[in-house]
Amino acid sequence: MNEFTNLINLWSNNTSVSSLIWLALLITLLYLGRVQAHQLIFSSFRMLHTSLRLWARSISQLIGRLKSRNKEVLLAAGQAEVKTKIEREFNRISTIVQRDLSQYPAIHREIKTAIETVEVDYQNCAETAPLPPAWGDVVATITALPSNGDPTVNKILDNIKQSIDDAHQQSLSAYQKSGSDRHKVLAKMQPDWRKLDDKMDLVKEKVDSLEERGQIIDQQMEEYLSIRSKDDKAANILATSSLTQFFIAGLVLTIAALGGLINFQLIAMPMSEMVGGTSYIGSLKTSDIAAMVIILIEIAMGLFLLESLRITHLFPLIGSMDDKMRRRMMIISFSILFILAGIEASLAYMRDLLALDHEALQQALLSTNSSDSQTAVGSSAEFRWIPSVGQMIMGFILPFALAFIAIPLESFIHSLRTVLGLFAIAMLRTLHLVLRSSASLVTQISKVIISLYDLIIMVPLSAERALERALVKKRNNASQNKSINEEII
Amino acid sequence: MKNFLKAAITSVLLSSLVLTGCDEQKPANKSVYLLLDTSGTYTKELDKAQSIMNYLLATLDSGDSIAIARIDSGSFNEKDIIAKTTFDSRPSTTNNQKRVFKNKVDTFVANLEKGSFRTDITGGILQAADFVNETQAGEKYVLIFSDLEEELQKGHIRDFPIDMQGIQVVALNVTKLRSDNVDPREFKNRLNHWQQRVEDGGGNWRVVNDLERLDRMFVQN
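Residues numbered from 1 in each chain as written. Chains lettered and ligands numbered in written order. Predicted model: local features only at pLDDT ≥ 70, side-chain atom pairs only at ≥ 80, totals over all residues.

> What is the right way to read the overall build of chain A from this model?
On a plain count of helices and strands, chain A comes out with 14 helices and two strands. Within chain A, contacts between residues separated by at least 24 positions form 79% of all contacts whose residues are at least 6 apart in sequence. (Helix = DSSP H or I, 4+ residues; strand = E, 2+ residues; numbered from the N terminus. Contact = placed C-beta atoms within 7 Å.)

As structure tokens, then:
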């Protein structure tokens, strides 16, 4: 500090005077080195500006590469997904064709038989009974014949009339019977028509179902073609879908984690009865680790089970196994899961017993009168089985529920790739913006510093400008005088 | 990339599990030795001692050790230990041990007809220090349920430093004597005398007279 004061007071014992001398010297120095200082400031900040712009450009290129890579990943995933969907739809169509349309020859035969029956019946209907002969005119003619009062003739004519009437009645009866028979035939045709109608409805239903599937395939094919053409719209739709999947899977995983926590609480305490409650691995209780390991094994078995059922595809090795091996794996993982669920149920029951024992001990320690504690325990013993059974059921069901964690986990992992890519792009964009802003800020700062520099040396600078102006004026005057003189001469 | 993501997620899950466990310190097992003054009129206070014992049994857990001993005319003696045990690692066995322990102490209190003539507190503390040191527990406690008025038999030598390194000594229910009412300084002097002896021996000294706040007996970690 003293050295600094001595330096300040170098020119005079009066600090103000000495400081003024220092200031004058400094301003003179700054004025003399103005051009070089300006160049230095300008080039330094220009260098910084250039490097920042260069960085920004590199980041921009990186964003472009990352975007195209993300798009490729997204499109590839989307393509694979749509492919699987289309394959599944074709499989469904194949199943429908095999299941329903394989019966089509039989249906066709039944329809043909029904049509033949209807045809035969129709032909039967066509065989009409002979119409009653036109004897009415004959009877009327005979009746109209004059009898002449001859009883013999009258009798003959009556007989003829009677015979003709009888024949007419018989013909009419035969005609009516024939009509009734035809109606009967027509009535017999009715079930055949209905059967025919039902069969036709059945065929329509199958064809409609196939048509629906066909429409779904058309939609998916459109989607597939859109993805194949690397359309931006398709990529955006896939990204949105991926984000939705990420959040939904994350939510389900959180719920599963809470379920796992409850499961852990259920078995951690009784586990200390098996492995001891006083040993530690690091700072964690061995019993807690054992409980956690059981839960993790259950989750692993669930993964293998769903993997061997081909519901999830996290392990390609399991998916590519032959069916026999896969079935074995399915049985093994399910058996282990079942055994572990059984163990958990028994541990949950043991937990309840321990809790009961602990509660009884606490009551014995708190109450001075032992009969009080017995009464307290006895009064609640009636309903003790409810939490016991509840805990056992929970202990048995939770492992199976946790086994299904594989499904949201797979979705989460798949969507995480997209989400991480989008996040990286967002981060890089922010960095790009910051770099570009910094570059322009650096340029502005360099201008401000140059102005400040000039502000410090404004006195000599103003003097210089005044001198320059005076010189220019003098030179102008001199040139004017010279021209006037020349004009005079 | 896919495999890398899977590995990363697994690592995050495992590391979070480990980190969750690491931020908690491994709890140290406790060793508690309760000295009961059975001299003269202090025997009337033994029902309070039973409450303390019940609190201890409710608080201590698997792996902890507990012992209860009486202070009589010559307390540096294993025969004065009423009950002692180290709780098993299995919770069910621990509960049974606690029941047996409680029965022993209850029987002792019920059968105690008359108190001892003398009060050898130093001998009891020496015995207690031996016990808690033998258990090699992480936290060692000697609880003294007494008025802290020592009356030694003729010929007993107790005026030497006691090694109390790493032991927490807690005086419980230190009652005031008639003479303390005449000169309260005697009470303070008595407490200060024991505090100095314990602290000179490397131990920590605390007094808990409010038996409603027994949780103050143990050091909060």
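> Quick question: what am I supposed to make of the overall build of chain B here?
On a plain count of helices and strands, chain B comes out with six helices and six strands. Counted from the first residue to the last, chain B has its helices and strands arranged as α-β-α-β-β-α-α-β-β-α-α-β. Burial analysis of chain B (221 residues in total) assigns 33% to the buried set. The long-range share in chain B, meaning contacts at least 24 apart out of those at least 6 apart in sequence, stands at 79%. (Buried ≥ 20, exposed ≤ 12 C-beta atoms within 10 Å, placed from the backbone.)

> Looking at this structure, I do not really get the nonpolar core. What am I missing?
What tends to happen in soluble globular proteins is that the nonpolar side chains get buried as a cluster. If you look at the biggest cluster of nonpolar residues, it comprises 42 residues, and the most contacted ones within it are Y33, L34, L35, V142, L143, I144 and F145 of chain B. It is helix 4 (residues 121-135) of chain B that contributes the most residues to this core, six residues altogether. Discounting residues that sit within four places of it in the chain, I144 of chain B has contacts with L35, I121, V169, A171 and L172 of chain B. Counting residues in each nonpolar core, the second largest holds 32 residues, with A348, L398, A406 and L409 of chain A among its members. (Core = buried A, V, L, I, M, F, W, Y, C linked by C-beta atoms within 7 Å.)

> Honestly, the packing of helix 2 (residues 46-59) of chain B against helix 3 (residues 91-111) of chain B in this entry has me stumped. Any pointers?
Residues and elements named next belong to chain B. Between helix 2 and helix 3, the least distance of the axes is 11 Å, while the angle of their chain directions is 175°. Taken together, the axes of helix 2 and helix 3 are roughly antiparallel relative to one another. The residues of helix 3 that touch helix 2, namely those facing L46, Q50, M53 and L57, are K98, F101, K102, V105 and V109. Of the residues contributing to the contact of helix 2 with helix 3, the split by class is six nonpolar, one polar and two charged. (Axes fitted to C-alpha atoms, helices over the stretch in contact; angles between N-to-C directions. Parallel < 35°, antiparallel > 145°, perpendicular 65-115°, else oblique. Nonpolar A, V, L, I, M, F, W, Y, C, P; charged D, E, K, R; others polar.)

> Would you explain the sheet that holds strand 3 (residues 81-86) of chain B in this entry?
Strand pairing within a sheet occurs via backbone hydrogen bonds; the two strands may be parallel or antiparallel. All names here are of chain B. As summarised here, the arrangement of the six strands in space is 3-2-1-4-5-6, forming an open sheet in which the pairing is mixed. Of all strands in the sheet, those with a lone pairing partner are strand 3 and strand 6 (204-208), marking the two edges. On average, adjacent strands in this sheet sit at an angle of 15° to one another, irrespective of strand direction. Sheet topology places strand 2 (residues 65-71) next to strand 3; five bridges connect them, and they run antiparallel. Bridging from a neighbouring strand, A69 pairs with I81 of strand 3. In this fold helix 3 packs onto strand 2 and strand 3, with an angle of close to 175° to the strand it touches most, strand 3. Where helix 4 meets the sheet, it contacts strand 1 (30-37), strand 2, strand 3, strand 4 (139-145) and strand 5 (167-172), and its direction lies at approximately 165° from that of strand 1. (Pairing = 2+ DSSP bridges.)

> I tried to follow the packing of helix 7 (residues 232-275) of chain A against helix 13 (residues 406-456) of chain A on my own but got confused; where do I start?
Helices that pack against each other are described as a pair by the angle of their axes relative to one another and the distance between those axes. All names here are of chain A. Where helix 7 meets helix 13, the closest approach of the two axes is 8 Å, and the angle between their N-to-C directions is 130°. As far as their axial angle goes, helix 13 and helix 7 are oblique. In this structure, helix 7 meets helix 13 at a crossing whose hand is left-handed. Where helix 7 abuts helix 13, its residues A239, S242, L243, Q245, F246, A249, G250, V252, L253 and A256 lie against P408, L409, S411, F412, S415, L416, T418, V419 and L422. For the contact of helix 7 with helix 13, a count of residues per class yields 13 nonpolar, six polar and no charged. (Left-handed = near helix turned anticlockwise from the far one by under 90°.)

> Looking at this structure, how should I read helix 7 of chain A?
Think of an α-helix as 3.6 residues a turn; residues three or four steps apart then line up on the same face. Maximum bend of helix 7 of chain A: about 35°, positioned at A268 of chain A, with proline P270 of chain A one to four residues after it. One or two steps after helix 7 of chain A, the chain reaches G276 of chain A, where phi turns positive at roughly 90°. (Bend = angle between axes of the 7 residues up to and from the residue.)

> What's the story with the environment of L243 of chain A in this structure? I'm lost.
Residues and elements named next belong to chain A. Looking at the secondary structure, you find L243 in helix 7. Looking at L243, the number of C-beta atoms within 10 Å reads 14, which means it is partly exposed. As for L243 and F412, which are separated by 169 residues in sequence, their C-alpha atoms are 9.6 Å apart.

> Quick question: what am I supposed to make of the pairing of strand 5 of chain B here?
Consecutive residues of a regular strand have side chains that alternate between opposite faces of the sheet. Residues and elements named next belong to chain B. Counting buried positions over the six residues of strand 5 gives six, a clear majority of the element. Relative to strand 5, strand 4 is paired through six bridges, and the arrangement is parallel. Directly across from I144, in strand 5, lies its bridge partner A171.

> Looking at this structure, I do not really get the environment of D120 of chain B. What am I missing?
Residue and element names in this part refer to chain B. Along the polypeptide, D120 turns up in the loop between helix 3 and helix 4. Look at D120 and you get buried, because 25 C-beta atoms sit within 10 Å. For D120 and Q153, which are 33 residues apart along the polypeptide, the C-alpha to C-alpha distance reads 8.0 Å. If we skip the residues at most four places from it in the chain, D120 touches I71, D72, S73, G74, S75, L152 and H156.

> Any chance you could explain the confidence of the model for chain A here in plain terms?
For chain A, the mean per-residue pLDDT works out to 85, and 93% of the residues sit at or above 70. Per-residue pLDDT, averaged within each element of chain A, yields its smallest value for helix 11 (residues 370-380) of chain A (53) and its largest for helix 8 (residues 286-308) of chain A (93). (pLDDT = per-residue confidence, 0-100.)

> Please clarify how the environment of F315 of chain A should be interpreted in this entry.
In this structure, F315 of chain A sits in the loop between helix 8 and helix 9 (316-319). In this structure, the C-alpha to C-alpha distance between F315 of chain A and F304 of chain A, residues eleven residues apart in sequence, is 8.5 Å.

> Before we go on, may I ask you to explain unusual backbone geometry in this structure?
With the exception of glycine, the majority of residues adopt a negative phi angle, and the majority of peptide bonds are in the trans configuration. All names here are of chain B. In the Ramachandran plot, Q136 falls in the positive-phi region, its phi being about 55° despite a non-glycine side chain. By secondary structure assignment, the location of Q136 is in the loop between helix 4 and strand 4. Judged by the 10 C-beta atoms lying within 10 Å of it, Q136 falls in the exposed class. Of note in this structure, L148 is not a glycine but carries a positive phi near 65°. Take L148: there are 18 C-beta atoms within 10 Å of it, and that puts it in the partly exposed class.

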